[in-house]
Every structure is written in C-alpha cells, then in structure tokens.
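Chain and residue survey
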Amino acid sequence: MAEDSDDRTEAATAKRLSKAREEGNVPRSRELSTFSITMTGVVMLMVLGGRIGQFLQEMMRTTLSFDHTTVLTPDPALLRFRDALVGTLLQMMPMFGALVLVAIFTPLLIGGWNLTFGAVRPKFGKFNPLPGIARMFSASAAAEAFKAVLKSMLIGGVATWVIWNERADILGLATMPLLSGLPKMLDIAFHTFFIVTSAMFLLVAMDVPFQLWHYHKQLRMTKEEVKQEFKEQEGSPQVKSRIRQMQREAARRRMMQEIPSANVIVTNPTHYAVALRYTEGMRAPRLVAKGALKLAERIIDTARDNNVAVMRAPSFARALYFNAELEEEIPARLYAAAAQVLAYVYQLKLYEMNGGLAPAYPEKIEVPADLDPQSKRPQDAAPDALP
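Residues numbered from 1 in each chain as written. Predicted model: local features only at pLDDT ≥ 70, side-chain atom pairs only at ≥ 80, totals over all residues. Heavy atoms only, no water.

Counting its regular elements, the protein chain contains 15 helices and 6 strands. In the protein chain, which comprises 387 residues, the proportion classed as buried is 32%. Expressed as a percentage of contacts within the protein chain between residues at least 6 apart in sequence, the contacts between residues at least 24 apart total 73%. When the accessible surface of the protein chain is summed, it comes to about 25000 Å², and 63% of that surface belongs to carbon and sulfur atoms. (Helix = DSSP H or I, 4+ residues; strand = E, 2+ residues; numbered from the N terminus. Buried < 20%, exposed > 50% of the residue type's maximum accessible area, 1.4 Å probe, protein only. Contact = heavy atoms within 4.5 Å. Areas by Shrake-Rupley, 256 points an atom, 1.4 Å probe, with all protein chains shown as cover.)

In structure tokens, the structure reads:
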C-alpha cells in the first residue's frame, strides 16, 4: 500500500494537507471521543442524578396512581403520560445537551473544524473489495486490534479491581432496606463507573499521538512528488524563463519608445549608452533608457534616427548605467555632471537654430570615482561629441 512505501520519506506539503482536508481526511481519535462522552455522562449523572431520581420517583408515584375516573376515561391517563414524558425530557435536557456539545467539539481538539462534503461524495472505487481486504492485514488494522485488546484488558481489569475492593458494600446491600439501599447502590455504581472511565484516559494518551503520527505518515510524499508539486506551483523553469524573456522584451520595447523624447544619449562610446530626459518642472533628470553592447548600439542608432544628441562621456555613462534605474531620477551626486552635459546640448541646439559661435565641448565632466566601477581617476579626459 502507499502508506507502507519506503519511498514516501518527505513530510506532506501545505498543499497536500489542504487537499486532504478538502476530501474530509483529518486526524480523529475515537478513544478521545469515547472517553469524553462517557466521562461527561458519568459526571452529569453524579451531579444531576439525585434531582433526576427524585423527579422520577415523584413522577411514578403520581402517574401510576389511578382513581375511578382515570380507569373509566382514557383522556386523563393520556394527559398524565404526556406530562410525565415532557417533564422527564426537561429533566434530562441538561445532560443530553452536554453530551451533544461534547460529541461535537471533542473531535475538533486534534483535527480542527472542517466543513466539507468531500467525505460524503460517492467514490465508486470503494466498491472494490481488494483494497478493503488488504487493509485488514495492514499495520493500521494491527494497531486497532491491539488497542481493542488493550482496552478490554484495561477496562476489565480496573472494573474487577474496583468491584473486588467494594465487595463488602455490594454484599451488604442485600441486608439494607430498599429506601436506604437504593441510594447506596447508585453511589457504588457511579463511583465504579467514574474510576473505570478515568482509566480510559490512558488509552487516550496513547491513541491521540498515534493518530496524529499515522495521519501524517499516510500523507507522506516521495521526493519526486514534492519536486513535481513545486514545479506546478512555481512553474517549470522553461516556462518561467520564457515569461522573463517576454517581460524583458516588453520592457525593452517600452524603453526604445522613450528614446525620441530624450535630451541626450551619453555613451562609452559603444559599451554603454544611457538616455537622459529633462523638462521644465522636473526636480532632476530621469534615466529613460540604458543598455550595453548590442543594445547600446541600438539606442545610439535610434537616437540618431530621431535627431537626439549623442555625447561620448565614458565615466559619466558608466556611472549612470550602474547607479541609476529606468524611469527614476539620477543620483544627486551626478547632478553636476548632468548639468554640464545638458547645458552643452541646450547650447548646441541654439547654435543649430540661430547660428553664431559653436559651443565649446565640456573639457571635464566631474564624476565621483566610486560611482564608476572602471575608473581609476576621479574624472575623465575631455569628452567628444559623436557626429
């Protein structure tokens, strides 16, 4: 059987446990329920037994008393019977209510509340007798048989021991009057039932841990099942890789669409390329595109096709590539370098529109050395504008 397979060495996952609960498979202990219900009944009889006994005694005295009218007319007898029945039910209602509550809530102690129709759903596979026969010779069946023998020996042994110790009082009941002997007999009976029922707690202390262990043992999984479930939840590596590739392509397309709105492309010249955009009202320039190698070439080509200025500033380009994120403002420590570049681009556009003196290339672009991973100097040589 699956539960006896040596391959099932892995603990059940949260998904496996949730599926088992949906099917109505939760840990339960019959011994715990039996003990709780029995002990509740004994305690309730010990607490309410005197009042119930007095009521029954009075009820029998009044109900079984007949006069000439009652014998000849059936209606009074039926009314007496009805009143006796209703009164008895009212007297027994507290005990019945306690038993019902205990029967409902005791199983929740180890399995919790589980409202599902999976347990009552028809399963035609259960009509096959072979699995049932196999279960008769399984470890679970052997454990249940052992518990039954142990329960019989425990209850029988404790009951015999209690009765033997109370044998003098039991034999003395034969010499006592009925009115005084009946309460004594009930007291002995309740005392015996209480001790025997208390002994069942030993079975509960053994059965509850065993049921929890057996429940989780049944739901154990093989390493392959755990891996397969993980793949189903997380997706196969091929699918995840494809999704990431599609996301990168979509992000790249959006980035390329932003290049025409940039003010300048700063290059390395071909290893890295970044696009800056600054408009009135912005607090600082934003990085709208960046790329390396082939992607850098595509950014430069797209910029030239859309008449976006391209400047060669290796250290500044590397600092932007490694320290600024798309659609975010550049770091504050690069504001001075960005101001130099944007000022030159602005002057270059004025020159192209109005003529006059051509703007001078920035001789130095100040970039903090720690922001440029490839720079050994605090600043680069004079940059050149690419045609």
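Let's shift gears to the pattern of salt bridges. Side chains that differ in sign of charge can pair as their charged atoms come close. A complete count under the given rule lists 7 salt bridges for this structure. For the salt bridge of Glu-225 with Arg-16, the shortest nitrogen-to-oxygen distance reads 3.9 Å. Residue Glu-225 is located in helix H11 (residues 223-234), and its partner Arg-16 is located in helix H1 (residues 14-22); the two are separated by 209 residues in the primary sequence. Using a relative accessible area of 27% as the deciding quantity, one classes Glu-225 as partly exposed. A salt bridge links Lys-151 to Glu-31; its shortest N-O distance comes to 3.2 Å. Remark: Glu-31 occurs in helix H2 (residues 30-63) and Lys-151 occurs in helix H7 (residues 139-165); sequence separation between them is 120 residues. Through salt bridges with shared partners, a single network forms among Glu-258, Arg-277 and Glu-327. (Salt bridge = Lys/Arg side-chain N within 4 Å of Asp/Glu carboxyl O.)

Turning our attention to unusual backbone geometry. The phi angle at Leu-293 is positive, at roughly 55°, despite the residue not being glycine. Take Leu-293: it is sitting in the loop between strand S3 (286-292) and helix H13 (294-305). Using a relative accessible area of 54% as the deciding quantity, one classes Leu-293 as exposed. For Asn-307, which is not glycine, the phi torsion reads 60° and is therefore positive. Residue position: Asn-307 is located in the loop between H13 and strand S4 (309-312).

Tracing the backbone through its elements, the reader meets Ser-36 in helix H2. Ser-36 has contacts with Val-102 and Thr-106, leaving out every residue within four places of it along the chain.

If you check H2, its first and last C-alpha atoms are just 41 Å apart, much less than what 34 residues at 1.5 Å a residue would give, namely 50 Å. A bend of about 60° at Leu-48 is the largest found in H2. (Expected span 1.5 Å × (residues − 1). Bend = angle between axes of the 7 residues up to and from the residue.)

Here the focus is the packing of H2 against helix H10 (residues 201-218). In the contact formed by H2 and H10, the axes pass within 8 Å of each other and the chain directions differ by 150°. By the criterion of interaxial angle, the relationship of H2 to H10 is roughly antiparallel. Crossing of H2 against H10: the hand is left-handed. Within the contact between the two elements, H2 uses Arg-30, Glu-31, Leu-32 and Phe-35 and H10 uses Phe-201, Leu-203, Val-204, Asp-207 and Val-208. Partitioning the contact of H2 with H10 into residue classes produces 6 nonpolar, no polar and 3 charged. (Axes fitted to C-alpha atoms, helices over the stretch in contact; angles between N-to-C directions. Parallel < 35°, antiparallel > 145°, perpendicular 65-115°, else oblique. Left-handed = near helix turned anticlockwise from the far one by under 90°. Nonpolar A, V, L, I, M, F, W, Y, C, P; charged D, E, K, R; others polar.)

This brings us to the nonpolar core. Val-264, Val-266, Leu-276, Phe-316, Leu-334 and Val-341 are the most contacted members of the largest nonpolar core, which has 24 residues in total. Contributing elements (two or more residues each) for this core: strand S1 (264-267), strand S2 (272-277), S4, helix H14 (314-323) and helix H15 (335-354). Sorting elements by how many residues they give to this core places H15 first, with 6 residues. Among all residues touching Leu-334, those that are not within four sequence positions of it are Phe-316, Ala-319, Leu-320, Val-367, Pro-368 and Leu-371. Within the second largest apolar cluster, 16 residues are counted, among which are Ala-262, Ile-265, Ala-296 and Ile-300. (Core = buried A, V, L, I, M, F, W, Y, C linked by side-chain atoms within 4.5 Å.)

Model confidence for the protein chain is summarised by a mean pLDDT of 78, while 83% of its residues fall at 70 or above. When pLDDT is averaged over each element of the protein chain, S2 comes out on top at 89 and strand S6 (residues 384-385) at the bottom at 42. (pLDDT = per-residue confidence, 0-100.)

With respect to the secondary-structure elements, Ala-289 resides in strand S3. Along the sequence, Ala-289 and Glu-258 sit 31 residues apart, while their C-alpha atoms lie 7.2 Å from each other. If near-sequence neighbours (up to four positions away) are discounted, Ala-289 is found in contact with Met-255, Ile-259, Ala-273, Val-274, Ala-275, Ile-299 and Leu-326.

Turning to its location among the elements, Glu-366 is positioned in the loop between H15 and S6. Residue Glu-366 is classed as partly exposed on the basis of its relative accessible area of 41%. Separated by 30 residues in sequence, Glu-366 and Ala-336 have C-alpha atoms that sit 7.0 Å apart.

With the rule as written, the count across this model stands at 5 aromatic pairs. Both rings, one in Tyr-272 and one in Phe-322, keep their centres 5.5 Å apart while their planes meet at 65°; by these two values the pair is edge-to-face. Here Tyr-272 is found in strand S2, whereas its partner Phe-322 is found in helix H14, with 50 residues between them in sequence. Overall, Tyr-272 belongs to the buried group, its relative accessible area being 13%. Here a set of aromatic residues connected by ring pairs shows up, and it is made of Tyr-272, Tyr-321 and Phe-322. Positioned above the aromatic ring of Trp-164 is the side chain of Arg-167, whose terminal nitrogen or guanidinium carbon lies 4.1 Å from the ring centre. Of note, Lys-290 hangs over the ring of Tyr-321, and the distance from its end group to the ring centre comes to 5.2 Å. (Phe/Tyr/Trp six-rings, centres within 6.5 Å; stacked < 30°, edge-to-face > 60°. Lys NZ or Arg CZ within 6 Å of the ring centre and 35° of its normal.)

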